[in-house]
Amino acid sequence: MGCAASAPTAEEKEAEARDNEIEKQLLQEKRELMSERTIKLLLLGAGETGKSTILKQMKIIYGVGFTPAEILLFATTIQLNLLQCIKTLTMAMDILKIPYGFDPENPTVMQRKHKIQALEKELNQELSHVMSAMASNSPPEMSASNLQALAEETAGLMSPSSSIRSSFHLSSGRVLQRDGSIAKMARRIYEEDMEEEARQNRKGSFELKGDHVMKSVRVVNSERIQKEFGAGKTIPPDFLKAVEILWSDKGVQYCFSRSNEYQLVECCPYLMKNMKRICAPGFKPTEEDILNARIMTTTVSETRFIADNITYRVFDVGGQRSERRKWAAFFDDVEAIIFLVAISSFDQTCAEAEGMNRMVESINVFSSIVNYPLFKKTGIILFLNKIDLFKEKIKTSQVSNYFPTFKGDNTSFEETSRFFVEKFDSLNGIPNKTVYTHLTWATDTKQITKILKDVRACIRKLNLESAGLE
Ligand SMILES: Nc1nc2c(ncn2[C@@H]2O[C@H](COP(=O)(O)OP(=O)(O)OP(=O)(O)O)[C@@H](O)[C@H]2O)c(=O)[nH]1
Ligand SMILES: [Mg+2]
């Protein structure tokens, strides 16, 4: 027979309640002590992923703001970004061999494009037919000469008629689809134009392409213009006119639609949309301008702000390869890391390592950070950033072309973004460690205000947990 536990006396009950109250008070005191704590937060990630943009947002949202000297620096930076953009575009026109005025939506170009695609398809079918016939040793139905004829017909269609050329006109264009056959066609016209120019020059003709577009190309690339940029300088009106002309050129718009093939600053469309204001005398940047400005970080900066009675010490580092060796010096006592990835970069190559896919670079860097032994207890928050650009990009660029393991719908934001969320999550090899992922748009203050609120709550929770308070 077991003995039953006797019920607690009134005195015991009172003592237990007292103990509970003391424990609660101690916990509260501990919490208050915590609220005076300082949290060290690192912003990490590869180059151009948006680390400094998130820091700018923190300065805006938590009232740190920008000094007059910083605002002045941003004004010059934005104007220089615009100059850099237009120069890059004119350079890319030559590298990709795109003629000014080239309109991929011109009906004759479209007609030829479809014909080329049909012929290429036919050619490929015939080739595989010949290959399999050769393999089985039976005579192919289509002779080699027929194949040659088909190939010549395809090549002939690449040669544009004068009617296509004459119907090119200037108008503000939209971003057009990347297309191999259109790219080939552009190259063909470009090369023919070059040959024609060389021929005319030999005959002593003065400037075949002496029109306003080519004049604009010369203006934006002139040494004189370069010297007109800087603090306190007024941008000459012919620069603005030239940028207007070039940006409204269909060929330049087509070149812009292929900007994943070269290095163009992300804020290009924003700058172009605001070019008049940016080039006006006494230009004062707005917060949105500042968020879109691009300055590559080359020195580690520390910014402090207070939120929820906690002092945050935020470190912003440079993300390019040459900058990453500076990171380790800031790794001690880190409570949380916000790791940034540009989700829109899946079809781009690194600025500092041509040929290296930007997303793969981010995957490699994240993998080493999330599994770094010193960060075993550090809260890792992942921002898959630039979702605005990503949403636009998946309309014309396919994730599965760059990541063949993606088998879903290339045009679905939900499916493509989930693929990357899962990919990054799978890199976490530390048991019981959670990576908190957000899909972000760093230049949008409204979205980032909400995200940072969640991040702060998450960091507080992680801190209480690690201090054994929750
Ligand atoms: N459209 C868009 N642009 C963004 C977004 N995030 C950043 N950018 C732009 O991308 C460019 C690069 O951003 P930064 O914040 O300078 O990148 P970073 O990671 O600090 O780059 P490094 O200092 O070289 O390591 C800037 O022009 C930003 O305005 C975004 O979510 N959407
Ligand atoms: Mg930076």
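Reading the values: the criteria
- Residues numbered from 1 in each chain as written.
- Chains lettered and ligands numbered in written order.
- Predicted model: local features only at pLDDT ≥ 70, side-chain atom pairs only at ≥ 80, totals over all residues.
- Heavy atoms only, no water.
- Helix = DSSP H or I, 4+ residues; strand = E, 2+ residues; numbered from the N terminus.
- Buried < 20%, exposed > 50% of the residue type's maximum accessible area, 1.4 Å probe, protein only.
- Areas by Shrake-Rupley, 256 points an atom, 1.4 Å probe, with all protein chains shown as cover.
- Donors = N, O, S within 2.8 Å, 3.2 Å for Na, K, Ca; no water.
- Contact = heavy atoms within 4.5 Å.
- Near = heavy atom within 4 Å.
- Polar contact = N/O pair within 3.5 Å; in protein donor to acceptor, adjacent residues only side chain to side chain.
- 1 Å grid on protein atoms, 1.4 Å probe; cavity = no way out; pocket = protein on both sides within 12 Å on 5 of 7 lines; lining within 4 Å.
- Sits in = over half its atoms within 2 Å of the grid points.
- Nonpolar A, V, L, I, M, F, W, Y, C, P; charged D, E, K, R; others polar.
- Points joined across faces, edges and corners; volume = space filled by probe spheres on them.
- UniProt positions renumbered as here; feature names shortened; annotations may be inferred.
- Expected span 1.5 Å × (residues − 1).
- Pairing = 2+ DSSP bridges.
- Right-handed = clockwise from strand over helix to strand, strands pointing away.

### Considering the overall build of the protein chain
Working step 1: A tally of regular secondary structure across the protein chain gives 19 helices and six strands.
Working step 2: Here the protein chain holds 470 residues, and the buried ones make up 46% of them.
Working step 3: Accessible area for the protein chain stands at about 24,700 Å²; split by element, carbon and sulfur atoms hold 54% of it.

### Comments concerning the coordination of the magnesium ion (ligand 2)
Working step 1: Protein coordination at the magnesium ion (ligand 2) comes from S52 (OG) and T297 (OG1), with a distance range of 2.1 Å. Of this pair, S52 sits in helix α2 (residues 51-61) while T297 sits in the loop between α14 (287-292) and β2 (301-307); the two residues are 245 residues apart in sequence, bridging distant segments of the chain. Of the two residues, S52 and T297, neither departs from the other in class, the shared state being buried.

### A look at the environment of D316
Working step 1: By the secondary structure assignment, D316 is in strand β3 (residues 310-316).
Working step 2: Relative accessible area serves as the criterion here: at 4%, D316 is assigned to the buried category.
Working step 3: In the structure, D316 is positioned 272 residues away from L44 in sequence and 7.3 Å away in space, judged by C-alpha atoms.
Working step 4: Beyond its immediate stretch of four places on either side in the chain, D316 contacts L43, K51, S52, L55, T297, T299, V300 and S301.

### Notes on the site of ligand 1
Working step 1: In the region of ligand 1, 26 residues are neighbours, and K51, T53, L291, G319 and D388 sit closest.
Working step 2: A distance of 3.0 Å separates an oxygen atom of ligand 1 from a polar backbone atom of G50.
Working step 3: Take S52: an N or O atom from its side chain is 3.0 Å from an oxygen atom of ligand 1.
Working step 4: Compared with its free state, where it exposes 650 Å², ligand 1 has 98% of that area covered by protein.
Working step 5: Given that more than half its atoms are within 2 Å of the pocket grid, ligand 1 belongs to the largest pocket.
Working step 6: When residues of the shell around ligand 1 are traced back to their parent elements, those giving at least two are α2, α14 and α16 (387-393).
Working step 7: Classifying every residue of the shell around ligand 1 by side-chain character gives nine nonpolar, 11 polar and six charged.

### Considering the layout of surface pockets
Over the atoms a probe the size of a water molecule is rolled, and this reveals where empty space is left.
Working step 1: Of the pockets and cavities examined, the largest pocket occupies roughly 1,200 Å³.
Working step 2: For the largest pocket, the lining is made up of 47 residues, of which T53, K56, L291, N292 and A293 are closest to its centre.
Working step 3: Of all the secondary-structure elements, those providing two or more residues to the lining of the largest pocket are α2, α3 (68-95), α12 (268-273), α14, β2 and α16.
Working step 4: For the lining of the largest pocket, the element with the highest residue contribution is α2, accounting for six residues.
Working step 5: Of the residues in the lining of the largest pocket, the class split is 16 nonpolar, 17 polar and 14 charged.

### Some thoughts on the UniProt feature "binding site: Mg(2+)" (unreviewed entry) in the protein chain
Working step 1: Here the UniProt feature "binding site: Mg(2+)" (unreviewed entry) sits at T297.
Working step 2: Non-local contacts of T297, meaning those with residues more than four positions away in its chain, are made with S52, D316, V317, G318 and E323.
Working step 3: Polar side-chain contacts of T297 include one of 2.9 Å to the side chain of S52.

### Notes on unusual backbone geometry
Working step 1: Although it is not a glycine, E48 sits at a positive phi angle of roughly 60 degrees.
Working step 2: Phi is positive for D333, which is not a glycine, with a value near 55 degrees.
Working step 3: Inspection of the secondary structure puts D333 in the loop between β3 and β4 (336-342).

### Concerning helix α15 (residues 358-370)
Working step 1: The terminal C-alpha atoms of α15, which comprises 13 residues, lie 18 Å apart, in line with the 18 Å expected from a rise of 1.5 Å per residue.
Working step 2: Those residues of α15 lying buried are R358, M359, E361, S362, I363, V365, F366, I369 and V370.
Working step 3: In this fold, the buried residues of α15 make contact with β1 (38-45), β4, β5 (379-385), α18 (413-425) and β6 (435-439).
Working step 4: Capping the start of α15, N357 holds a side-chain oxygen 2.7 Å from the backbone nitrogen of M359, two or three residues further along.

### Some thoughts on the pairing of β5
Working step 1: When you tally the buried positions in β5, you get seven out of seven residues, the bulk of the element.
Working step 2: Both faces of β5 are covered, namely the face carrying G379, I381, F383 and N385 and the face carrying I380, L382 and L384.
Working step 3: Note that β4 and β5 share seven bridges and pair parallel. Its bridge partner being in β5, V341 is matched across the sheet by L384.
Working step 4: What joins β4 to β5 is α15, and the crossover it makes is right-handed.
Working step 5: Where β5 lies against β6, five bridges are found, and the strand directions are parallel. Note that in β6 the partner of L382 across the bridge is T437.

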